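Below, each chain spelled out in residue letters.
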Amino acid sequence: MSKTTTVSFAKPSPVKQGVLVILAERGPVLSTSGKALDKASGGAVMRAAKQREFKGKKKTSLDILVPEKLGLSRLLVIGVDQLKDYAGKDWLELGGVIRGKLSGRDGPAVTLVLERPKKPRESVGEEAAQVALGTMLRGYSFDKYKTKAAKNKNDSVKNATLLRRLTIQCANPAAARRAFAARKALGEGVILARDLVNEPANVLGPKEFAAQARKLSGLGLKVQIHDEKALKKLGMDALLAVGEGSAKPAMMAVMTWQGAGTGGGKPVAIVGKGVTFDTGGISIKPAAGMGDMKGDMAGAACVVGLMHTLGARKAKVNAVGLIGLVENMPSGTAVRPGDVIGSMSGQSIEVLNTDAEGRLVLADVLWYAQEKFKPKCIVDLATLTGAILVALGKEYAGLFSNNDELSENLSRAGEATGEKVWRLPLGAKYDDMIKSDVADMKNIGGRYGGSITAAQFLQRFIQNDTPWAHLDIAGTGMAAPKRDVNTSWGPGFGVRLLDRFIADYFEK
Ligand code: BES
Ligand code: MN
Ligand code: ZN
């Protein structure tokens, strides 16, 4: 876990030392405090803006080192376009942009003045909390294995460790503080998910992952770990088949949060694929890029991060998180192509490719979730197919569902948070592609529509009309492109999406 900056909120008051960050809208139109600073410096701020052709455009900035007469070591003016157009996600990204401009050279403490140029006293409680969350997420870096001190200013280690305190001045700091309590819980959940995804597989196997899940009991969740013996007893032969080649025994962790009490009814179930490393098994993957398969547990990481958040912010919802934890290895005891295996549901599966292992894990965990909890709905997350990268790249996760309302709700939560999902079809003809000659189904559907046939496979383990959605996060859950709110390999995708989904559609 990387060190994060402590954020606090305060009433606006003049800042006469250190680093000060202010906002400017299009023009540039400086914020109220910006105008005061410009005046105090004899117009130095606007002169600098003119010189550098700074116009307050979004994602541009004006950096003034040791500005005349102000006592500051640095005045950073951030362009924001028009704040009246900002929704939650824009405030979040603004926080990310600001944090991205602050380096260790600035010293430990920075003050940010958050105000609307035209209405400086308007309360920005939730907005300030979103900005704070943005700085928290951008400040993250996974550097626990870097043993040498950073040598240049771009190094994330120095960046993350040296900015210790950020004070956000805003009109209503009490409201901001209240709003940030929940946002902070969310940030912790995202960072927990990132840490799990970034962690290498020699350190984080099924057992260690389960131990991370168990820690959530400290937040009031009920956590149950099922070991291999228990999984055998449950009849989880599909999940167990995946782990057979590994020296590390398979596990399942079940995390229950009863935030709505018994009156809250059946829980929402969130299921995650937790393949701690995916070699492909006997159908082994090529060497190039195989190291990325340490991230094949990003679905499970999201579930743990989400359950942390729900517990930490005391969400008024009943939710259960379930993760199947296995390592997919080739060995003398590994499942072979052509093998026929059973599953908890009773259905038989012909394993034609041992690299299509995620669906085998999820088949049993999905079944267990329904048998045990009769959930209101199930959402699963899995780094399931390379084909989803071909279809959607890294911008959208694939969404597959048997329920239009559930799909729309997830899509809306995706747009609101920037963790976007795009629905792809399911259908009988796709289902035909996984018919087997020797068993009830086979675990691959051929070259075309690979993400869809994988989802069809999962749907065979969904009972009657349980509203179900599957998110294929192979493109969005790992090896992430750098963004305003994330520069880490593991982005923690899905935590913000599902936290919002639950807050909007299941909490009163
Ligand atoms: N974990 C992989 C999918 C994956 C690929 C995740 C790239 C992240 C990045 C999954 O287990 C897998 O190997 N899927 C196969 C399925 C195929 C054998 C039908 C794939 O996508 O090639
Ligand atoms: Mn695989
Ligand atoms: Zn996999």
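Residues numbered from 1 in each chain as written. Chains lettered and ligands numbered in written order. Predicted model: local features only at pLDDT ≥ 70, side-chain atom pairs only at ≥ 80, totals over all residues. Heavy atoms only, no water.

**Observations regarding the coordination of the zinc ion (ligand 3)**
What counts here: For Na, K and Ca the donor cutoff is 3.2 Å, while for all other metals N, O and S atoms must lie within 2.8 Å; water is not among the atoms, so some sites may look incomplete. Square planar and octahedral sites, with four and six donors, are those where opposite donors lie more than 155 degrees apart and all other angles lie between 65 and 115, tetrahedral sites have four donors with every angle between 85 and 135 degrees, and the rest are irregular. Where helices and strands are cited, they refer to DSSP runs of H or I of at least four residues and of E of at least two residues respectively, numbered from the N terminus. Residue exposure (1.4 Å probe, protein chains only): buried if accessible area is under 20% of the type maximum, exposed if over 50%, otherwise partly exposed.
Taken together, the protein donors to the zinc ion (ligand 3) comprise Lys-273 (NZ), Asp-278 (OD), Asp-296 (OD) and Glu-357 (OE), at separations of 2.0 to 2.4 Å. Taken together, the six donor atoms coordinating the zinc ion (ligand 3) and their angles of 77 to 175° define a geometry best described as octahedral. Between the donor residues of the zinc ion (ligand 3), the gaps in sequence give the motif K-x4-D-x17-D-x60-E. If you look at the zinc ion (ligand 3) and the manganese ion (ligand 2), they sit 3.1 Å from each other and are both ligated by Asp-278. Highlighted residues: Asp-296 in the loop between β10 (268-278) and α10 (298-312) and Glu-357 in the loop between β13 (349-351) and α11 (358-373), separated in sequence by 61 residues. The burial state of Asp-296 is the same as that of Glu-357; both residues are buried.

**A closer look at the nonpolar core**
Cut-off, in case you're wondering: Only buried Ala, Val, Leu, Ile, Met, Phe, Trp, Tyr and Cys residues count toward a nonpolar core, and they belong to the same one when joined by side-chain atoms within 4.5 Å. Reported domain spans reflect what an automatic or database domain assignment gives. We call two residues contacting when some pair of their heavy atoms lies within 4.5 Å.
By size, the foremost hydrophobic cluster in this structure holds 94 residues, and its most contacted members are Leu-94, Leu-114, Phe-209, Met-255, Ile-323 and Leu-498. Here this core spans two domains, and each of domain 1 (6-173) and domain 2 (185-505) adds at least three residues to it. Setting aside residues up to four positions removed in sequence, Ile-323 forms contacts with Phe-209, Ala-213, Met-251, Met-252, Ala-253, Met-255, Gly-272, Ala-300, Val-303 and Val-304. One finds Val-254, Val-335, Ala-363 and Tyr-368 within the second-largest nonpolar core, a separate group that totals 42 residues.

**Thoughts on the domain arrangement of the protein chain**
The condition is simple: Here the quantity called buried area is the accessible surface, traced with a 1.4 Å probe, that two parts lose on coming together, added over both. The salt bridge definition used is simple: a Lys or Arg side-chain nitrogen within 4 Å of an Asp or Glu carboxyl oxygen.
Split into domains, the protein chain comes out as domain 1 (6-173) and domain 2 (185-505). The gap between the C-alpha centroids of domain 1 and domain 2 is 38 Å. Listed per partner, the contact involves 15 residues of domain 1 and 21 residues of domain 2. The junction of domain 1 with domain 2 conceals about 1,500 Å² of combined surface from both sides, 63% of it contributed by carbon and sulfur atoms. Its largest share of buried area at the contact with domain 2, domain 1 owes to Leu-137, Tyr-140 and Phe-142, together 42% of the area lost on that side. On the surface where domain 1 and domain 2 come into contact, there are two salt bridges.

**Notes on the coordination of the manganese ion (ligand 2)**
Around the manganese ion (ligand 2), the protein contributes the donor atoms Asp-278 (OD), Asp-355 (O), Asp-355 (OD) and Glu-357 (OE), which lie 2.0 to 2.2 Å from the metal centre. With six donor atoms in place around the manganese ion (ligand 2) and angles of 70 to 168° between them, the coordination shape is irregular. Linear spacing of the donor residues for the manganese ion (ligand 2) on their chain is D-x76-D-x1-E. Classification of Asp-355 by relative accessible area gives partly exposed; the value is 23%. On the basis of relative accessibility, which here comes to 1%, the residue Glu-357 falls in the buried class.

**Digging into the sheet that holds strand β16 (residues 420-423)**
Inclusion rule: What makes two strands pair is DSSP finding at least two bridges between them. In this description, a line fitted to the C-alpha atoms serves as the axis of each element, helices being fitted only across the stretch in contact, and the angle between N-to-C directions of two axes falls anywhere from 0 to 180 degrees.
Taking strand neighbours across the sheet as the criterion, the eight strands line up as β8-β9-β11-β10-β14-β18-β15-β16 in an open arrangement whose pairing is mixed. Edge strands, defined here as strands with exactly one partner in the open sheet, are β8 (222-226) and β16. Neighbour to neighbour, the strand axes of the sheet diverge by 20° on average, direction disregarded. As paired strands, β8 and strand β9 (residues 251-258) are joined by five bridges and run antiparallel to one another. Across the sheet, Val-223 pairs through a bridge with Met-255, a residue of β9.

**Describing the packing of aromatic side chains**
Here is the rule we go by: Under the pairing criterion, centres of Phe, Tyr and Trp rings, with the six-membered ring standing for Trp, must be within 6.5 Å; the plane angle then separates stacked pairs below 30 degrees from edge-to-face pairs above 60, leaving the rest tilted.
According to the stated counting rule, one finds seven aromatic pairs in the structure shown. With a centroid separation of 5.4 Å and 40° between ring planes, the pair formed by Phe-457 and Phe-461 is classed as tilted. On the basis of relative accessibility, which here comes to 0%, the residue Phe-457 falls in the buried class. Considering the side-chain rings of Phe-501 and Tyr-505, the 6.0 Å spacing of their centres and the 55° angle between planes classify their relative orientation as tilted.

**Overview of the environment of Ile-452**
In this structure, Ile-452 sits in helix α15 (residues 450-459). Expressed as a C-alpha distance, the spacing of Ile-452 and Leu-424, which sit 28 residues apart in the sequence, is 7.5 Å. Beyond its immediate sequence surroundings of up to four residues, Ile-452 is in contact with Phe-400, Pro-425, Leu-426 and Tyr-430.

**Section: the confidence of the model for the protein chain**
This is how it is decided: For every residue, the predictor states its confidence as a pLDDT score lying anywhere from 0 to 100.
Of the residues in the protein chain, 96% reach a pLDDT of 70 or more, and the chain-wide mean stands at 95. Counted against residues more than four places away or in other chains, residues 156-161, with its pLDDT under 50, gives 18 contacts.

**Focus on the site of ligand 1**
Going by this rule: Only heavy atoms are used to decide nearness, and a residue is near a molecule or strand if one of them lies within 4 Å of it. Polar contact criterion, stated in full: a pair of N or O atoms within 3.5 Å, where within protein one must be able to donate a hydrogen and the other to accept it, and residues adjacent in sequence count only if both atoms are side-chain atoms. When residues are sorted by character, Ala, Val, Leu, Ile, Met, Phe, Trp, Tyr, Cys and Pro go into the nonpolar class, Asp, Glu, Lys and Arg into the charged class, and all the rest, Gly among them, into the polar class.
Of all residues adjacent to ligand 1, which total 17 residues, the nearest are Lys-285, Asp-296, Asp-355, Glu-357 and Gly-386. The side chain of Asp-296 places a nitrogen or oxygen atom 2.8 Å from a nitrogen atom of ligand 1. Between ligand 1 and Glu-357, the relevant distance is 2.8 Å, taken from an oxygen atom to a side-chain nitrogen or oxygen of the residue. Looking at the shell around ligand 1 residue by residue, the class counts come to six nonpolar, four polar and seven charged.

**Overview of α11**
Spelled out, the test is: Here a helix's expected span is defined as the number of its residues, less one, multiplied by 1.5 Å.
Relative to the 22 Å expected for 16 residues at 1.5 Å per residue, α11 spans 22 Å between its end C-alpha atoms, a close match to the ideal helical length. At the exit of α11 stands Lys-374, carrying a positive phi of roughly 40°.

**Some thoughts on the sheet that holds strand β17 (residues 441-442)**
Reading across the sheet, the three strands line up as β12-β13-β17 and stay open at both edges, with mixed pairing between neighbours. If you trace the sheet from one side to the other, it starts and ends with β12 (339-341) and β17, each paired once. Note: β13 against β17, two bridges, orientation parallel. Residue pairing across strands places Ile-349 opposite Met-441, the latter belonging to β17.

**Quick word on the pattern of salt bridges**
Per the counting criterion, the structure on display carries 21 salt bridges. Linking Glu-126 and Arg-183 is a salt bridge whose minimum nitrogen-to-oxygen distance equals 3.3 Å. Of the two residues, Glu-126 is situated in helix α4 (residues 125-138) and Arg-183 in helix α6 (residues 173-198); the sequence distance between them amounts to 57 residues. Glu-126 sits in the partly exposed class, given a relative accessible area of 35%.

**Notes on the pairing of strand β1 (residues 6-10)**
Only one face of β1 is covered, namely the face carrying Val-7 and Phe-9; the face carrying Thr-6, Ser-8 and Ala-10 is uncovered. Sheet analysis places β1 next to strand β7 (residues 165-169), joined by five bridges and oriented parallel. When the sheet's bridge partners are listed, Thr-6 is paired in β7 with Arg-165.

**So, the packing of α10 against helix α16 (residues 495-505)**
The condition that has to hold: Note on terminology: angles under 35 degrees are roughly parallel, angles over 145 are roughly antiparallel, angles of 65 to 115 are roughly perpendicular, and the others are oblique. Here a crossing is called left-handed whenever its near helix is offset anticlockwise from the far helix by less than a right angle, and right-handed whenever the offset is clockwise.
It is the contact of α10 with α16, at a shortest axis distance of 9 Å, that shows an interaxial angle of 45°. The pairing of α10 with α16 is recorded here as oblique in orientation. For the pair α10 and α16, the sense of crossing is right-handed. Residues Cys-302, Gly-305, Leu-306, Thr-309 and Leu-310 of α10 form the contact with α16, whose participating residues are Val-495, Leu-498, Asp-499 and Ile-502. Per-class residue counts for the contact of α10 with α16 are six nonpolar, two polar and one charged.

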